[in-house]
Amino acid sequence: MVSIRVRGVDKFYRARQGAVQALAGVELSVDSGEFVSLVGPSGCGKSTLLYIIGGFIAADCGSIEINGREVRGPGLDRGVVFQEYALFPWLTIQQNVAYGLEARGLSREERRATAARFVDMVGLQGFENHYPRELSGGMKQRVALARTLAYDPAILLLDEPFGALDAQTRESMQDEMLRIWLSTRKTVLMITHDVTEAVYLSQRVLVMSGRPGHIVEEFRINIDRSVTREVTMLSDDFNRVRNDIWLSVRRQLAPGAV
Amino acid sequence: MNTSFAANLPLLPAWVNGRARRLIRALPIAMLLVLWEVLVVSGLIDRTFLPPAHAVILAFWDMLVHGELLAHLWATVFTAFVGLGVAVVLGVFLGALMATNRWVNGLVGPLVATTYSLPKTSLVPLFILWFGIGDVTNGLTVVLGCLLPILVSTHHGVSSVPAVLVWSARAMGTPQYAMLRRVLLPAATASILSGVRIALGYCFVLVISAEMIATKLGIGKLIFLYGENGAYAYMLGGILAVVVIAFVADRSLVMITRRLLYWHDSMELRGAHA
């Protein structure tokens, strides 16, 4: 069953010298329960596309459907994790995680219990009453993930979620993400510039062209997710597809050179 | 908030504790008072031009124990704080509205820009014509003078809230009408409070200036009358009372701000003696 369907989306930005086209005829679909990543050169409009699917900005042309219904704005069916966490600094970790539960209509007691469960899930028990400024980047991103998972959206839209983290933290967050996806089987669309990350986590990787962005190539990733990170990342299957995608992204940067 | 470079210089060794640090910070003021006293008592400055520091303190004490000071001071502080309170409510309301509504911004923006540098006390004679001599005129002067710094800082604070905060709130089901209360105003608290602190300083200047022009009761009138009659020790005693009140009010606001903004990034840089 198709969960996200994007058809013929164009997007223009007004700039000092006329309009700049960010997206040109983007077509993509994500099945329910599928993990899809979108990679491409920086400035290709991949974040713009995610914000359009999120309902924060409008496309100039084309259509976006979520479970067959036209997108008219943000909704609780789509949970978004932003690159810079976007936590509310004036709320404690507990209050941040509980924020989305209010719109879900949960009682105060249910909100508290659910928030506590998700704080535990991302390993931040003991930090419930801390404020975001007291946490490291990796911990903040865990809170952002917990906050989004807590109100249980069917779809996760991730905008370079681990881009601001150091290499070790990023790997442990990827493992966490994989574990969460394997246990919840939510529909995930992730933007990243890290090809290795995309291959490690996704079932399908889409490559976007340089500006104006559109999908140029699609790769299916068939790797065994039940084994450890080391086994996966050292396997030939993993590295072959990773190299292919890496070359594909390189070609978007400098057409003809590769 | 002492986040400036100079405030973090190790002026004092770490073992000097909080109480001692506070006393040491009052040292320049004590030095000025001693210098003043010495210059006048030694005759380097003629007493007819400046009373000695101790005479001012004695005059202050005299006014305090004989009750005259408190009635005037109460009238002044009451007008200043009521005016400031009204300005906070109006300023936050209008500033937030300007930041979120193009029409209000288009309407109020040009008015703010043109009247910002106008000295509000110059309108006092007109207010006297409209409202008579007294609290209403003085209060209105305070409201007008305090309104703009609060309005401008609220407008700036609300309009510089990062878009992703608003987006993530919308994604989590916060309706547009609740955005101001749940996201924009909390995120702008630091900016709003810095405007309130500026206005707090202004409110005493404004009320005393208005009272010096015309009033029935108020510390500004007291200062003006003693000045007119050449009782400079008493005039300075009245000024001293205002200085003390304004200082206590400012420190209280700083303490409240610190408590309210515990979550804010600026707290991370807070020095031990800030």
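The rules behind each value
Residues numbered from 1 in each chain as written. Chains lettered and ligands numbered in written order. Predicted model: local features only at pLDDT ≥ 70, side-chain atom pairs only at ≥ 80, totals over all residues. Heavy atoms only, no water. Core = buried A, V, L, I, M, F, W, Y, C linked by side-chain atoms within 4.5 Å. Buried < 20%, exposed > 50% of the residue type's maximum accessible area, 1.4 Å probe, protein only. Helix = DSSP H or I, 4+ residues; strand = E, 2+ residues; numbered from the N terminus. Domains from an automatic or database assignment. Contact = heavy atoms within 4.5 Å. Pairing = 2+ DSSP bridges. Polar contact = N/O pair within 3.5 Å; in protein donor to acceptor, adjacent residues only side chain to side chain. Salt bridge = Lys/Arg side-chain N within 4 Å of Asp/Glu carboxyl O. Buried area = accessible area lost by both parts, 1.4 Å probe. Right-handed = clockwise from strand over helix to strand, strands pointing away. Axes fitted to C-alpha atoms, helices over the stretch in contact; angles between N-to-C directions.

Enquirer: Looking at this structure, I do not really get the nonpolar core. What am I missing?
Expert: By size, the foremost hydrophobic cluster in this structure holds 131 residues, and its most contacted members are A:Ile4, A:Val6, A:Ile53, A:Phe88, A:Val97 and A:Ile245. Considering every element that reaches this core, the biggest residue donor is helix 10 (residues 189–213) of chain B, with ten residues. Counting only domains with at least three residues in this core, you end up with domain 1 (1–77 + 178–258) and domain 2 (83–152) of chain A. The residues touching A:Ile4, leaving out its near neighbours within four places in the chain, are A:Leu28, A:Ser29, A:Val30, A:Ile53, A:Glu65, A:Ile66, A:Ile155, A:Leu157, A:Thr187 and A:Leu189. Membership of the second largest hydrophobic core comes to six residues, among which are B:Met98, B:Val104, B:Leu148 and B:Leu151.

Enquirer: Looking at this structure, I do not really get the pairing of strand 1 (residues 2–14) of chain A. What am I missing?
Expert: Put simply, side chains in a regular strand alternate between the two faces of the sheet. Residues and elements named next belong to chain A. Sheet topology note: the strand 1/strand 2 (residues 19–31) ladder contains nine bridges and is antiparallel. Pairing of Ile 4 across the sheet is with Val 30, part of strand 2. Summarising the sheet, strand 1 and strand 4 (residues 61–66) pair through five bridges and their orientation is antiparallel. Residue Asp 10 lies in a different strand from strand 4, and its bridge partner there is Cys 61.

Enquirer: Can you walk me through the side chain of B:Thr76 in this structure?
Expert: Residues and elements named next belong to chain B. Inspection of the secondary structure puts Thr 76 in helix 4 (residues 68–100). Of note is the side chain of Thr 76, whose polar atom sits 3.0 Å from the side chain of Glu 211. For Thr 76, the residues in contact, after removing those within four places along its chain, are Val 207, Ile 208, Glu 211, Gly 218, Ile 219 and Gly 220.

Enquirer: I would appreciate a short explanation of the pattern of salt bridges in the present structure.
Expert: Pairing between side chains of opposite charge can happen when their charged atoms approach one another. Residues and elements named next belong to chain A. Under the defined criterion, the tally for this structure stands at 15 salt bridges over all chains. Residue Arg 142 pairs with Glu 176 through a salt bridge whose shortest N-O separation is 3.0 Å. Within this pair, whereas Arg 142 is found in helix 4 (residues 137–150), its partner Glu 176 is found in helix 5 (residues 167–184), the two being separated by 34 residues in sequence. Side by side, Arg 142 and Glu 176 carry an identical accessibility label, which is buried.

Enquirer: Please explain the domain arrangement of chain A as it appears in this structure.
Expert: By convention, interface size is frequently given as the accessible area that disappears when the constituent parts associate. Residue and element names in this part refer to chain A. Each assigned domain of chain A is listed here: domain 1 (1–77 + 178–258) and domain 2 (83–152). Here the C-alpha centroids of domain 1 and domain 2 sit 27 Å apart. Tallying the contact residues gives four residues for domain 1 and seven residues for domain 2. When the two sides are added together, the surface that domain 1 and domain 2 hide from each other amounts to roughly 590 Å², 65% of it contributed by carbon and sulfur. Broken down residue by residue, the surface that domain 1 buries against domain 2 is led by Leu 76, Ile 180 and Lys 186, which jointly contribute 85%. For the pair domain 1 and domain 2, the interface holds one salt bridge. Measuring nitrogen to oxygen at the nearest pair gives 2.6 Å for the salt bridge that ties Asp 152 to Lys 186.

Enquirer: Before we go on, may I ask you to explain the pairing of strand 8 (residues 187–191) of chain A in this structure?
Expert: All names here are of chain A. Strand 8 sits mainly inside the fold: five of its five residues count as buried. The alternating pattern of strand 8 places Thr 187, Leu 189 and Ile 191 and Val 188 and Met 190 on opposite faces, both of which are buried. Sheet topology places strand 3 (residues 35–39) next to strand 8; four bridges connect them, and they run parallel. Considered in strand 8, the bridge of Leu 38 is made with Ile 191. Bridging between strand 7 (residues 155–159) and strand 8 involves five bridges; their strand directions are parallel. Bridged to Ile 155 within strand 8 is Thr 187. In this fold, the crossover linking strand 7 to strand 8 by way of helix 5 has right-handed handedness.

Enquirer: How should the environment of A:Ala254 be read in this particular structure?
Expert: Among the structural elements, A:Ala254 can be located in the segment after helix 8 (236–253). As a C-alpha pair, A:Ala254 and A:Val122 span 132 residues in sequence and 40 Å in three-dimensional space.

Enquirer: Help me understand the sheet that holds strand 7 of chain A in this model?
Expert: Residue and element names in this part refer to chain A. Overall, mixed pairing links the six strands, which are arranged 6-7-8-3-9-10 in an open sheet. Bordering the open sheet on either side are strand 6 (78–81) and strand 10 (215–220), each of which pairs with just one other strand. Taking each pair of neighbouring strands and ignoring which way they run, the sheet shows an average axis angle of 15 degrees. Bridge count between strand 3 and strand 9 (residues 204–208): four bridges; the pairing is parallel. Pairing of Leu 38 across the sheet is with Leu 206, part of strand 9.

Enquirer: For this particular structure, what's the right way to read the interface of chain B and chain A?
Expert: Counting residues at the interface gives 20 residues for chain B, matched by 23 residues for chain A. Here chain B meets chain A over a buried area of about 2100 Å², counting both sides, of which 67% is carbon and sulfur. Interface area lost by chain B to chain A is led by B:Trp167, B:Met172 and B:Trp263, which between them contribute 38%. For the pair chain B and chain A, the interface holds one salt bridge. Between B:Arg182 and A:Glu102 there is a salt bridge; the shortest N-O distance is 3.3 Å. Counting only elements with at least two residues in the side of chain B that touches chain A, the list comes to helix 8 (163–171) and helix 9 (179–187) of chain B.

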